[in-house]
Amino acid sequence: MMLATSCGYPTGYFNDLSADNDEDLEVERNDVRDIIRSISGGGDNAITACTLDVYCQTPSICILERMVDACAAAIILNNAATTKQLPPETAVHVLSALAKPLNALAKLFASDTTTTVAAVAGREKAARILNTALHSLGHVCSIIVDCFASPSWSVVELLPVSRLASLATASFSPLFSFICSVIVHNNDKGGGVDVLEQTYRHTLRSSIYAAASSLSNIPELTSASSLDVGDTRYDIIGAMRGPGGEDHVGCLALLRLATESDLLSYTVMDVMSSSSTTNGNNSTLNNGDNDNKPKSAFIIDLFHLHEKLRSDELERGPGVFHGEGVTPKTRRILLNIISHLSLLMVDDNTPTNKDGQHQNNAATSLSQEEQDEILQHLQKLFHAPIMSIVESSKNADLSHAEKIFLICESAFDLSSFPSRLTSTLFSNENHQSNAFVLEGVQSMINVAVSGYMLNPVQEVTTRGSPDMMHVQWGRLRGALILLFCSCANRGLPALAVDALISLNNAECQSIIHQCNAGPASLSNIFDESVISEDVVPAGAFVIVVNNALEGILSMSSKQMVNAEELAVSSKECVRALDNIRESVFQTIVHPSPEAESGSHVDPRPTLAEAWYLTMITLVSVCNKCGSVGMGSYGSVLNRLLSESASTAVLILFNQGVDKKEREDRVIGMSVDGPHTFAMINFLEKVFSIGGLLQLVSQQLVSRLKLDFHGVPTGSKELSGAAVIFAALLRGASGGLPPWAIEGLPSLFSAFYTTCGSSNVFCEIMHIAIGIRLENVPDAAFGCATPGKKLAGRFFETMGEKHVNEFLSKAKEICEKNDADAWRRFKATLKKVCGGKKKDSGFNLKPTFTNWDCERI
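Residues numbered from 1 in each chain as written. Predicted model: local features only at pLDDT ≥ 70, side-chain atom pairs only at ≥ 80, totals over all residues. Heavy atoms only, no water.

Engineer: Just to check I follow, could you spell out the overall build of the chain for this structure?
Structural biologist: Scanning the chain from terminus to terminus reveals 34 helices and 4 strands. Pairs at least 24 apart in sequence give 79% of the contacts found in the chain among residues at least 6 apart. Carbon and sulfur atoms provide 50% of the accessible area of the chain, an area that totals close to 34400 Å². (Helix = DSSP H or I, 4+ residues; strand = E, 2+ residues; numbered from the N terminus. Contact = heavy atoms within 4.5 Å. Areas by Shrake-Rupley, 256 points an atom, 1.4 Å probe, with all protein chains shown as cover.)

Engineer: Hey, could you run me through the pattern of salt bridges in this one?
Structural biologist: Two side chains bearing opposite charge may form a pair once their charged atoms approach each other closely. Considering all chains together, one arrives at 33 salt bridges under this definition. As a salt-bridge pair, Glu89 and Arg29 come within 2.5 Å of each other at their nearest N and O atoms. Linking Glu89 in helix H5 (residues 89-97) with Arg29 in helix H2 (residues 23-39), this pair joins segments that are 60 residues apart in sequence. We note that Glu89, like Arg29, is buried. Put simply, Arg310, Glu313, Arg331, Arg332, Glu409, Asp413 and Arg475 are held in one network by salt bridges that share partners. (Salt bridge = Lys/Arg side-chain N within 4 Å of Asp/Glu carboxyl O. Buried < 20%, exposed > 50% of the residue type's maximum accessible area, 1.4 Å probe, protein only.)

Engineer: Teacher, can you tell me more about the packing of helix H4 (residues 59-77) against H5 here?
Structural biologist: A pair of packed helices can be characterised by two numbers: the angle between their axes and the separation between those axes. Where H4 contacts H5, the axes come no closer than 9 Å and their chain directions differ by 150°. The orientation of H4 with respect to H5, classified from their angle, is roughly antiparallel. Crossing geometry of H4 relative to H5 is assigned as left-handed. Between H4 and H5, the contacting residues are Met67, Cys71, Ala74 and Ile75 on the first element and Ala91, Val92, Val94 and Leu95 on the second. Here the residues of the contact of H4 with H5 sort into 8 nonpolar, no polar and no charged. (Axes fitted to C-alpha atoms, helices over the stretch in contact; angles between N-to-C directions. Parallel < 35°, antiparallel > 145°, perpendicular 65-115°, else oblique. Left-handed = near helix turned anticlockwise from the far one by under 90°. Nonpolar A, V, L, I, M, F, W, Y, C, P; charged D, E, K, R; others polar.)

Engineer: What's the story with the side chain of Ser265 in this structure? I'm lost.
Structural biologist: Mapped onto the secondary structure, Ser265 falls in helix H12 (residues 262-273). For Ser265, a relative accessible area of 0% puts it in the buried group. In this structure Ser265 touches Leu257, Ala258, Thr259, His340, Leu341 and Leu344, once residues within four positions along its chain are discounted.

Engineer: Help me understand the packing of aromatic side chains in this model?
Structural biologist: For any pair of aromatic rings, the description rests on two quantities: the centre-to-centre distance and the angle between the ring planes. This model, assessed by the stated rule, comprises 24 aromatic pairs. With a centroid separation of 5.1 Å and an interplanar angle of 75°, the aromatic rings of Phe748 and Phe825 are classed as edge-to-face. In this pair, Phe748 is assigned in helix H31 (residues 744-755) and Phe825 in helix H34 (residues 819-832), connecting sequence segments 77 residues apart. The pair Phe748 / Phe825 is uniform in exposure class, with both members buried. Each member of the aromatic cluster is reached from another via a ring pair, and the members are Phe687, Phe725, Phe748, Phe751, Tyr752, Phe761, Phe806, Trp822 and Phe825. Residue placement shows Arg123 over the ring face of Phe109; its charged tip is 4.5 Å from the ring centre. (Phe/Tyr/Trp six-rings, centres within 6.5 Å; stacked < 30°, edge-to-face > 60°. Lys NZ or Arg CZ within 6 Å of the ring centre and 35° of its normal.)

Engineer: Teacher, can you tell me more about a negative patch on the surface here?
Structural biologist: A contiguous patch of negative charge, built from Asp22, Asp24, Glu28 and Asp31, is present on the exposed surface. Tracing the backbone through its elements, the reader meets Glu28 in helix H2. Residue class for Glu28 comes out partly exposed when judged on its relative accessible area of 36%. (Patch = residues over 30% accessible without salt bridge, like charges linked within 9 Å, V, L, I, M, F, W, Y side chains within 5 Å. Lys, Arg positive; Asp, Glu negative; His and termini not counted. Charge placed at Lys NZ, Arg CZ, Asp CG, Glu CD.)

Engineer: Is there a simple way to explain the nonpolar core in this structure?
Structural biologist: Most often, soluble globular proteins have nonpolar side chains that are buried together. With 278 residues, the main nonpolar core has Phe484 and Phe761 as its most contacted residues. Take this core: its biggest share by element is 14 residues, from helix H7 (residues 117-148). Residue contacts for Phe761: discarding those within four places in its chain leaves Phe725, Phe748, Phe751, Tyr752, Cys755, Cys814, Trp822 and Phe825. (Core = buried A, V, L, I, M, F, W, Y, C linked by side-chain atoms within 4.5 Å.)

Engineer: Is there a simple way to think about the confidence of the model for the chain in this case?
Structural biologist: Summing up the model confidence of the chain, the mean pLDDT is 86 and the portion of residues at 70 or higher is 89%. Here residues 276-291 scores under 50 on pLDDT; set against residues more than four positions off or in separate chains, the count is 39 contacts. Under a pLDDT of 50 for its full length, residues 352-363 has, in the predicted model, 31 contacts with residues more than four places off or in other chains. (pLDDT = per-residue confidence, 0-100.)

Engineer: Is there a simple way to explain the environment of Ser225 in this structure?
Structural biologist: Topologically, Ser225 is positioned in the loop between helix H10 (193-217) and helix H11 (249-259). Take Ser225: its relative accessible area is 11%, and that puts it in the buried class. On a C-alpha basis, the gap between Ser225 and Ile236 in space is 6.2 Å, while along the polypeptide they are 11 residues apart. Once you skip the residues sitting within four places of it in the chain, Ser225 turns out to touch Asp235 and Arg241. A distance of 3.1 Å separates a polar side-chain atom of Ser225 from the backbone nitrogen of Leu227. (Polar contact = N/O pair within 3.5 Å; in protein donor to acceptor, adjacent residues only side chain to side chain.)

Right, here's the structure in full:
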């Protein structure tokens, strides 16, 4: 406690809420939190590996007990509730720092069912510690609620303790969930559980009201955030956020309590249905039960709270995030909380105890009248942004930029609802009963598609900045991506897929239009502030399909769907990919060189990355489905995977084999990025599927004019596979970045497995070393020159003796077919491909692109 006191906020620290936080002080406070967590068992992974009776004999539990008691003494014993004085901030700080060890103790308390004398004593000790911690938190929150109800308290006085209390509540959510399971599933209330249950319900109720009160009464930002301009890591003093965080901590506390577990969600509803409701902008708390209060009242209160925050947001005006209320992102978190709890209660899947009976403390069934009231409020809340889109689209008094802004904000709102609701936006049945829904969805999609026409290619040398219309359109792309991801539930709805096809193809056509103008051309949309990794990269609509497929795969791994159901759920995703594949391939193999510095942002690398990451997921779907699942659309899958593989191979031929050649003859997009990782990984995966190598080979032979002079007689049927191998040899010779070469051993291993024997593998290598393009002008492809070997210049002068020596070593190595052997193969390959490349001109190993659209 002395250590925490030493880094407490000094007197007058919060007098100027617009000032930046003292970074040194915040760093010191974080260090103290780390120390408190460590010495009290927060960093001890052994906690979950032992029984409760053993853990209760450790020094960590003794330290934790004393620290919890010290917090209680400072918060409760020295601060009676009747005085209505705020507890010391330092004590609340320490209590919140103890969340991790207390969560671990609660988990052990909930899972340990041993009945020895020592175990019973351990449970009693654990129950007392947990009860004291909850009592302290509940006391803090009760005082905060009372202070909000009194006009004599200011934001300056309430902000520090209220912020810490919400942080503690959010951090304690696992503890609340674990104790909830003990109360629900354990009919024996001995060992201190009966007292713990009473404290638990009071603290849960107090914590929720304190969080809701702070959300209603304390602005998220009292002044403009300094995080936006990069002045500080910890923002202004008057930020109702965690240190360096981005959302109102009161809302985060509600989110954690509402979504930590369904069991806790039901208990939240039950606890709040037995307490008094909010009164105006402030919350009053009645610790006694109120049987006359509707069980739906708390959810209705949350609807009203959202209305208030929405009203505050509109009064502040577009782009103003400080002042009364919260940021749009925080308000959308509240939207998610409201819809989650509403649907959970209307569904009435109340949890049961170990005997299969509905638990006494769970929220009981709502009356039909209460269910109807909740659904009416929820429908009104869900339809509001759709109506806003329709009205904005028709408002002739708005500029195009203003219309796009309002449509964008409404799309972000819609994306905050669960898939059960957002999927209805793409339902023919819903469109028939609610015509305005169809009108709103069509307006969103039409604005997004037409935005790609806002890109008149500029071949001027003077660079300008995209105007607000383009910037808001870029944000709308992000909002739609979130909305599509939100509506995915066992795959994507058919109408959503139709929209994705239109958007993807429009994006690809716009990219091709830009590439046709050359690497020096400027752009209104392929710009850092519109379509880029800083906002939303190109290819994000492909990632939507990838995320949907990953979601279905996750359900399969949890045995929620079988192979046949997996295949059925994936069909719309496959349809989307099949309908955009041609435009994607045309775009990523476009011969225009990489965009020059100071021109437009080259969108092709992120598009390629998105496509090949999705193809990797599709391979996993195929492997999970098996022959039974693939059935009716196996030919479509084969076409998608084989054409993707052949396109990846052709991209490798666009690259020169050394730095000078790459500088002198630049063709196509650069391979110096994460999309190359994705391509190499995909090729490895795709060659594990039987029969695809032959399809890829046939496609490559049909695309290239090959000269078989010098190729062993009778081996022409292997020439397509040799083209693949030649592309990899070319990459190892310098066509690929050094970090990409590290992934070749596993790729060669997969290739070898597909070949079936070392003889076939080595024969393909032999052909790959000698195969050339025809010596005619129109045979040129990328950087591969007519009459020259496809494998690159290091193989032009390789004599038959050296070829045989290399093939002999390769056969010896690959026949062992283990990880060490393929690493040795890579070393052998490097030697014949010119050795280690110094000053290759490539960048360091990249990371995969971040596709997050939440905060643009």
